[in-house]
Each structure stands twice: as structure tokens, then as C-alpha cells.
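Listed here are the chains, written in short residue letters.
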There are 4 protein chains.
Amino acid sequence: MHSRRHIKEALKYFEKLTDREHAIFEAGISLGAIFHQLVGMPVKLEKIRELESALSNAFSSQPFRVRTEIRINAERIRRGLTEPYDYGVINPESLDVEVVVEYGYARVKARLKWIDELGYPLMYVEEVTIRGI
Amino acid sequence: MHSRRHIKEALKYFEKLTDREHAIFEAGISLGAIFHQLVGMPVKLEKIRELESALSNAFSSQPFRVRTEIRINAERIRRGLTEPYDYGVINPESLDVEVVVEYGYARVKARLKWIDELGYPLMYVEEVTIRGI
Amino acid sequence: MHSRRHIKEALKYFEKLTDREHAIFEAGISLGAIFHQLVGMPVKLEKIRELESALSNAFSSQPFRVRTEIRINAERIRRGLTEPYDYGVINPESLDVEVVVEYGYARVKARLKWIDELGYPLMYVEEVTIRGI
Amino acid sequence: MHSRRHIKEALKYFEKLTDREHAIFEAGISLGAIFHQLVGMPVKLEKIRELESALSNAFSSQPFRVRTEIRINAERIRRGLTEPYDYGVINPESLDVEVVVEYGYARVKARLKWIDELGYPLMYVEEVTIRGI
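Just so you know, these numbers come straight off a predicted model, no measurement behind them.

The rules behind the values
- Residues numbered from 1 in each chain as written.
- Chains lettered and ligands numbered in written order.
- Predicted model: local features only at pLDDT ≥ 70, side-chain atom pairs only at ≥ 80, totals over all residues.
- Heavy atoms only, no water.
- Pairing = 2+ DSSP bridges.
- Helix = DSSP H or I, 4+ residues; strand = E, 2+ residues; numbered from the N terminus.
- Axes fitted to C-alpha atoms, helices over the stretch in contact; angles between N-to-C directions.
- Contact = heavy atoms within 4.5 Å.
- Phe/Tyr/Trp six-rings, centres within 6.5 Å; stacked < 30°, edge-to-face > 60°.
- Buried < 20%, exposed > 50% of the residue type's maximum accessible area, 1.4 Å probe, protein only.
- Buried area = accessible area lost by both parts, 1.4 Å probe.
- Salt bridge = Lys/Arg side-chain N within 4 Å of Asp/Glu carboxyl O.
- Polar contact = N/O pair within 3.5 Å; in protein donor to acceptor, adjacent residues only side chain to side chain.

### Things to note about the sheet that holds strand β6 (residues 120–130) of chain D
Neighbouring strands of a sheet are bound in pairs by backbone hydrogen bonds; such pairs are parallel or else antiparallel. Residue and element names in this part refer to chain D. With antiparallel pairing, the four strands of this open sheet are ordered in space as β2-β4-β5-β6. Both outer strands of the open sheet, β2 (65–72) and β6, are each paired with one neighbouring strand and no more. The average undirected angle you get between the axes of adjacent strands in this sheet is 10°. The sheet contacts of helix α2 (residues 19–38) involve β2, β4 (95–103), β5 (106–115) and β6, and relative to β4 the element is tilted by about 150°.

Right, dumping it as C-alpha cells:
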């Protein structure tokens, strides 16, 4: 039976939320944070796997994140680059992020992904499960 | 009766969520975004009101935000500054943010605030209301 | 006669540089800072003048900046936006920044601007003048 | 004999600068960029070496950088952290960055480092050399 929650001193701030809602809230924070911290960051295209891994680990350190996978689409950065400016910066089109957050009994899997049809980096919830019951 | 929702093409990404959960998710995104975009930004201390107002307007442009109030505590930036470095950058201690998000029938008021007791910039939900019913 | 310099305790870190070089170095810092702090920031298109003014003031608070003008090109943000996502985030294409830095006897005017021919947000020095002599 | 310069189409923007000045300008850009992109980024303290390495590679992709070493001082992040918030974000105190930039015949080594005496993250030039002559 899983019960990962805020420390006692912080619980009073979250009385309005069920575990499920709390996990959804944290998943939203996570995606907003990743987008706004990373857009604009330079990328060395041939070292992109290493950067994805390090950033995924860095953001997974925030509370209640059990998995964070940040992928950066090199093709969507590379477009239109000119020598010797053969590098790029992370843009909204290039980010594909999956986070799994657990709070109390709830587990939420959320996603940040550029949706061509919308012309927009959408943040949404892919799955919510309640565990241990 | 209020009904502010994603466009038709995007609705399929949100089938897992009730309006209430959706508004909670968006409030989380909003606070994560504001924190990670703004920390590190320089502040001219005597023009802080103008900066708060412009940033509040900028972030309120994201979908479903009906109010965004970003306050920057000059005192918590000013500490320990030396001439001629008489300016500061926004740090986690200095931000106090209130967002109100509406999605469908739900309205969520959320907060980002440094809590001295926790030594942490806490993001939490202050109020959830369901409208129009 | 103008003589704006670092405080005594900091001067030892800058012995390698003439005033002219020092001002050029600070101008570079300024443009790098502005680009990487601002890319990704949401913009309310109808309040863009207010945001430009507040950000210009904020960044002009860094030492030795005598003028900072940040312009955001709404047209280059607006492209391809869909309702209700009728807002945008600052991208490299949309920034046009002019900074004037003075250090000691030197004055440098530098620019950050998207150059279509290069497909790149170029940072360069427009003018260097030595004053008071 | 080394001669790394902008492409022909961009050279007109840099007529005001000697190679030495140009390298100093680029070093300034580099440090301003690193500071403002990274402050606020979460850090998993036990994976800090991996993050330093990935970020150093990412920023070294910008033109004319021949070495970029980003170090993050875990001790200066860890202070005052409370369980379960056992992670931190990069703050101005924790960054120690060394960049080496080469433009044309000039080579510049610059540094970003928190100086306790100043209470300030100072950016300065440690060394300028002219090569190949």
C-alpha cells in the first residue's frame, strides 16, 4: 500500500484536494516547469541523448515525480540552420515530455507534445490510476 | 451558464479529466511556468510595480486563466546587495503568485508562495468552486 | 569627465581589459542574458508595449547599462496561432534588442536581431565610442 | 594559423571589432546566456556530475566556443533543504563557469563565479591571448 504525501507541516495547504486531484496538479506543475525552463536552451545535436538523460534526471528530482522522460526532436531544431551556426535552441516544436507523478494512492501520466493539428505544444493527461485499493 | 473549453480538435486529449480536474491541471501548469520562466530575471527595484503588472498580463494570456497576479517581494531580493550591484534577480523566496483558472464549470484559485516553515516555494490550491449549477 | 567603474574590491578581476573591451564584454553579457531569460515567455499580444517597457527597465538595472530597449515583434509571434490559443511565446525571431553600455571612458551600442539572411538571432556591436577625451 | 570567423554574409556586422574584442564580446554573451538559462533549473544532487557534463556540452555548441565547463556547487544548493523537498534549484551562488572562446586570432578565457566578498555572481575575463603570430 502506497502512501507518498507531503510532510505534516505542508498538509494543511492541500486539504481541498483528493489524492487524484493532487497528482493531477503536480503533473501540471511538472510540465509547465519543464517547458519554461528549457525553451531557449542550446543543444549540441550530436549529444542530444546525453542532454535528454541529464535533464530527465534533473526534473525527476522534484517531489512525487516517479518518472520523467524528456525527449528533444533534433529534426525540429535543425530546420533552416546555417553554417557555422550549426546548432539550435530548444523550441516548443521539439519537446516531447512524459511525466508520471504519484501522490498518495493516485498515479498520473501526463504529456507535453507539439500537436501539428493545433499548432500548439499541448499539455494533457494520458492516464489516471488509483492504486492499492 | 459558463462553458469555456478547449476547441473540438483538442478535446480528445482531455477525456480522462472532469472540468474540476482539468482546471486543477491548468492551475499547476500556470504556476510551474511562472516560477521557471521568472526565476533569474533582473529587477529594477524602484520599478517593481510596473514589472509585476506587465508579467501578470503576459501570463494571463495563456488559455483559461481568468486572473494572474504576480507579486515580487523587493525586500527578499534586496538582502545583501552591494553597490554598484544595487539590483537583484527574482529568486524563489521573492515570488508570490495567485492564479485563477476556469475550465468548463470549474474555477480554481491556486498559489505559489515561499513558506518559511518549509524553506520551500510551495505551489498549492486555495479554492475550487463549481459554477453555474 | 565620466568614470563609471566597478567598485574597488572588484577591480582586480578586470585588469586584463581596457575600458573599451570591458564595455564590449558587458554588452555581450547583456544580450546573452536577455535572449535566454526571455525566450519562452508568454505574451499578451495587445499588451506588448507595456511588456517591452517593463522588461527594458528590468534589464537596464544591471550595472553599467545606460539604455536597454527590448522590442517584441508581435507579427513574428502571431504566425500560425489557433483559437483559443490566441497567444504566443517569445521566440528568437521576434526579439529586437538594443543596449548601450558605458564603462569608464567607453560607450558601446550593441544589438540582438533576427537576420533573415542568416536564419539566426545575431548579437553584434553597432558602435563603440570613447568619451571625455 | 588559426582563423575561425563568421561567415561572409555576417562579417559586415562586426567591422567595428578586432578579433580580440570580438572574442571578448562572445565570451560575455556566453556567460550571460548560461546564467539566465540555468538559474531556476532543478538539480538531482546525486546526479550532478552528469548534469554538469550535459549542460557544458550543450552550451559549447554555440559558435566559437572551444571549451565550456559548467560546475554546480551542490553544497550551495543543499543549504536549508527540508525532506521530502530534498532537491534544489540552481541559484546564482552555486554556478562556477569557465568558457574559452576563439575568434580569429584571439582566445579569451572568461569566468562566472560567485564572489562572497561582493555578494555577487561576477562575470569577468581571466585571460586574453593572441595566437598564430
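### Description of the packing of aromatic side chains
Going through the model one piece at a time under the given rule, you end up with 12 aromatic pairs over all chains. When the centroid spacing of 5.0 Å and the interplanar angle of 85° are considered together, the rings of Phe-64 of chain A and Tyr-103 of chain A count as edge-to-face. Of this pair, Phe-64 of chain A sits in the loop between α3 (48–59) and β2 (65–72) while Tyr-103 of chain A sits in strand β4 (residues 95–103); the two residues are 39 residues apart in sequence, bridging distant segments of the chain. Of the two residues examined, Phe-64 of chain A and Tyr-103 of chain A, each falls in the buried class. Taken together through their ring pairs, the aromatic side chains of Tyr-13 and Phe-14 of chain A together with Tyr-124 of chain B make up a single cluster.

### Concerning the interface of chain B and chain A
Between chain B and chain A, the residue contacts involve 35 residues of the former and 35 residues of the latter. Here chain B meets chain A over a buried area of about 2900 Å², counting both sides, of which 68% is carbon and sulfur. The largest contributions to the chain B side of the interface with chain A come from Tyr-13, Phe-25 and His-36 of chain B, which together make up 23% of the buried area. Connecting chain B to chain A are four salt bridges. Remark: the boundary between chain B and chain A carries eight residue pairs in polar contact (both at pLDDT 80 or more).

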